[in-house]
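Coordinate inspection notes
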Amino acid sequence: MFSGYLGELVQQLKKLPGIGNKSAQRLAMHLISGDKNKALLLAESIQNAVENITNCSICNMLSESDPCEFCADTARHKNFLCVVENTQDIYLVENTHEYHGRYFVLGNLLSPLDGIGPDEINFPLLLDLIRKDGIEELILALNPSAEGESTINYIASQLEETSTNITRLSTGLPFGGDIEYTNSITLGNALKRRYSVNN
Amino acid sequence: MEISYLKIQNYRNFRERKFEFEPEGTLILGRNGIGKTNLLEAIAYLAFGKSFQNSKDAELINFSKAFFRLEGRFKLSEKDHFIEAAADKNKKIIKIDEINISRISELYQFLKVVYFSPADINIIGGAPSFRRSFIDQAISQYSFKYIADLRRYNRILKQRNALLKEKFDPKEKRSWDEQFAHLGAAIIQQRLDYMQEFIPVLVDYYARISGFRENLDIKYDFSFPHQGDDIRDDLFNHMEESVEQEIHYERSLCGPHLDDIELTINDHLARNFASQGQKRSLSIAARLVQANLISSQSNEPPILMFDDVLSDLDKERSKEIINLLQGTHQIFIATPNSETYKDFNLKKIDLEN
């Protein structure tokens, strides 16, 4: 239905996650009608971001600088390393204000179905970092999905021989949650990992 | 638990029809092809959130229409509840008391139906997968945890099978094996727990149905060597030992997805040696025990549906089955011959009228 430059634009927009045919057409029409400067500004921001953002060569996070702000920050606890799946997850952990160590971004979780093995989760880079910097505690802040679980098992088994303490996120009741509305699996986990009141 | 009212719209061969049911149940009559099974299926849809014949939602819509809709009123622990289900080719909506549910398994915990299908004979005579689905479905009807464990196990199984098709690092395989063994053992343990309650009742029912002439024996048949008490370790060790074969066949060769349940009648394997009538009565007995365990778990007798399954049994056997059932559940029976079921004394609905 759309051809030429407009058709090309629609095709490119459709490749974005969550964008179907209809949305792509609406976005394309929006971009080319009205204030054309807005669209050019958008194009410029995309270009700038793509050209200037790379993976940090130490922790693999998407960053404008290499090393990234976290790796360059000497005030951070050097011996704590928090492993996350994506760069976005770093900001989720940062927002807790509970953690002041460094990060490592895997980029993926192990998933043979999608052809993702140890090399695709950047394990060699992680291993390098642990060996060089003498990490005391490695916190695996990964989803408790089958893929996350397998990734946790894999990393833990690879580091068996080292003195690094490996921990993972707890699963259980949400803060301010009501046990009446908690599903039985979550409640079961919370019960299994109960902790002493005196701590 | 009982259904008192059902409205069917554009479902299979029904255009629009309303039914009222008695607490004791109903005998559904009519010639072949008039829609007796479809009526049972419509009621059961409100309990399972899908067709018990595993048809896709799109196939349930009347040929000339774009959607179907079902409404049912149920009594559960003395309270009335209203369930609606509707689907078009892309989407389905299920509501309990006017509130949308997000997962179909919420229905399982709510409304319970045990359907005695003509195909149930496969539980005894068919491939192991029929026995596995029987026990999986039976446990799922009252355990959320089991449903979640199964879903997760199947995901890991898929991932593990994909891994076995590729070159892999042994530690990567172990990262899946650990979860696989852990969940596999949890599933098997839940099956064994269920069977511990299931077996004595089944042995008793079957003895009665067979006029105390036949001796039934049942055991869980592991797909890997298992002697001690530690299922997880046995499963894990067997996976380690059979890595060569697994790589050769490119799939997981042990675990609950390959286990079986072995039934023997007078020391002969029922799957191979039982007669049609024995298989039929044993499969009916198994469904009755399933219903019985639901009743004792939830204090709420499930609705029973018989899709003309008694017609190939001898008089004594069907009489015993009727005796076992009388007065305990709401019962729906679909049949073209009301004669077989005259002892039930149920109100009749003739679909010809």
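Residues numbered from 1 in each chain as written. Chains lettered and ligands numbered in written order. Predicted model: local features only at pLDDT ≥ 70, side-chain atom pairs only at ≥ 80, totals over all residues. Heavy atoms only, no water.

**A look at the overall build of chain B**
Secondary structure assignment for chain B yields twelve helices and 14 strands. Its C-alpha atoms give chain B a radius of gyration of 22 Å, near enough to 20 Å, the size a compact globule of 353 residues would have. Seen along its three principal axes, the alpha-carbon backbone of chain B occupies a region of about 65 × 50 × 35 Å. Considering chain B as a whole, with its 353 residues, one finds that 54% of them fall into the buried category. In chain B, once contacts between residues fewer than 6 apart in sequence are set aside, the share between residues at least 24 apart is 72%. A total accessible area of about 16,500 Å² is found for chain B, and carbon and sulfur atoms account for 47% of it. The distance from the centre of the 49 positive side-chain charges to the centre of the 54 negative ones in chain B is 6 Å. (Helix = DSSP H or I, 4+ residues; strand = E, 2+ residues; numbered from the N terminus. Rg over C-alpha atoms; globule rule 2.2 N^0.38 Å. Buried < 20%, exposed > 50% of the residue type's maximum accessible area, 1.4 Å probe, protein only. Contact = heavy atoms within 4.5 Å. Areas by Shrake-Rupley, 256 points an atom, 1.4 Å probe, with all protein chains shown as cover. Lys, Arg positive; Asp, Glu negative; His and termini not counted. Charge placed at Lys NZ, Arg CZ, Asp CG, Glu CD.)

**Side note on the packing of aromatic side chains**
Taken as a whole and judged by the stated rule, the model has 17 aromatic pairs over all chains. Of the aromatic side chains, those joined through ring pairs into one cluster are F70(A), Y91(A), Y99(A) and Y103(A). Positioned over the ring face of F180(B) is R160(B), at 5.1 Å from the centre of the ring. Sitting over the face of the ring of F236(B), R232(B) holds its NZ or CZ atom 5.1 Å from the ring centroid. (Phe/Tyr/Trp six-rings, centres within 6.5 Å; stacked < 30°, edge-to-face > 60°. Lys NZ or Arg CZ within 6 Å of the ring centre and 35° of its normal.)

**Details of the domain arrangement of chain B**
Residues and elements named next belong to chain B. The domains assigned to chain B are domain 1 (1-112 + 303-353) and domain 2 (119-299). When each unit is reduced to the centre of its C-alpha atoms, the spacing between domain 1 and domain 2 is 28 Å. With 19 residues of domain 1 in contact, the opposing surface of domain 2 contributes 25 residues. Counting the surface lost from both domain 1 and domain 2, the interface buries some 1,900 Å², and carbon and sulfur atoms represent 64% of this. Of all residues in domain 1, the largest losses of buried area upon contact with domain 2 belong to K112, R317 and L324, amounting jointly to 34% of the total for that side. (Domains from an automatic or database assignment. Buried area = accessible area lost by both parts, 1.4 Å probe.)

**As for the domain arrangement of chain A**
It is common to give the size of an interface as the accessible area that goes away when the parts come together. In terms of domains, chain A is made up of domain 1 (4-52) and domain 2 (62-168). Of note, the centres of domain 1 of chain A and domain 2 of chain A, computed from C-alpha atoms alone, are 34 Å apart.

**Points about the interface of chain B and chain A**
The partner chain A presents 20 residues to the 18 residues of chain B that form the contact. Taking both partners together, chain B and chain A bury about 1,600 Å²; carbon and sulfur atoms supply 55% of that area. Linking chain B to chain A there are three salt bridges. On the surface where chain B and chain A come into contact, there are 14 residue pairs in polar contact (both at pLDDT 80 or more). Among the secondary structure elements, those contributing two or more residues to the side of chain B that touches chain A are helix 6 (144-164) and helix 7 (170-209) of chain B. In terms of residue count, helix 6 of chain B provides more of the side of chain B that touches chain A than any other element does, ten residues in total. (Salt bridge = Lys/Arg side-chain N within 4 Å of Asp/Glu carboxyl O. Polar contact = N/O pair within 3.5 Å; in protein donor to acceptor, adjacent residues only side chain to side chain.)

**So, empty space enclosed by the protein**
Residue and element names in this part refer to chain B. Using the criterion set out here, one finds one cavity of 30 Å³ or more in the structure. In this structure, the largest cavity encloses a volume near 150 Å³. As for the largest cavity, its lining consists of 14 residues, of which F134, F198, L202, I261 and L263 are closest to the centre. Of all the elements in the fold, those that place two or more residues in the lining of the largest cavity are helix 4 (121-125), helix 5 (128-140), helix 7, strand 10 (260-265) and helix 11 (276-298). Examining the composition of the lining of the largest cavity, we find that four residues originate from one element, helix 7, more than from any other. Among the residues forming the lining of the largest cavity, the class breakdown is 13 nonpolar, no polar and one charged. (1 Å grid on protein atoms, 1.4 Å probe; cavity = no way out; pocket = protein on both sides within 12 Å on 5 of 7 lines; lining within 4 Å. Points joined across faces, edges and corners; volume = space filled by probe spheres on them. Nonpolar A, V, L, I, M, F, W, Y, C, P; charged D, E, K, R; others polar.)

**Some details on the side chain of R76(A)**
Residues and elements named next belong to chain A. Mapping R76 onto the fold places it in the loop between helix 4 (69-72) and strand 3 (80-84). A residue is classified by how much of its surface remains accessible, and R76, at 13% relative accessible area, is buried. Of note is the side chain of R76, whose polar atom sits 2.9 Å from the side chain of E94.

**A few points about the sheet that holds strand 1 (residues 2-9) of chain B**
Residues and elements named next belong to chain B. Spatially, 2-1-4-5-6-7 is the arrangement adopted by the six strands of the open sheet, whose pairing is antiparallel. Two strands lie at the open edges of the sheet, namely strand 2 (16-20) and strand 7 (99-100), each paired on one side alone. Inspection of the sheet shows strand 6 (residues 92-96) paired to strand 7 by two bridges, in the antiparallel sense. By the bridge assignment, K95 is partnered in strand 7 with N100. (Pairing = 2+ DSSP bridges.)

**With respect to the packing of helix 5 of chain B against helix 11 of chain B**
All names here are of chain B. Their axes nearest at 10 Å, the elements helix 5 and helix 11 cross at an angle of 20°. With respect to their mutual orientation, helix 5 and helix 11 come out roughly parallel. The two elements helix 5 and helix 11 cross, and the hand of that crossing is right-handed. Facing F134, Q137 and A138 of helix 5, the residues of helix 11 in contact are A286, R287 and Q290. Broken down by class, the residue content of the contact of helix 5 with helix 11 amounts to three nonpolar, two polar and one charged. (Axes fitted to C-alpha atoms, helices over the stretch in contact; angles between N-to-C directions. Parallel < 35°, antiparallel > 145°, perpendicular 65-115°, else oblique. Left-handed = near helix turned anticlockwise from the far one by under 90°.)

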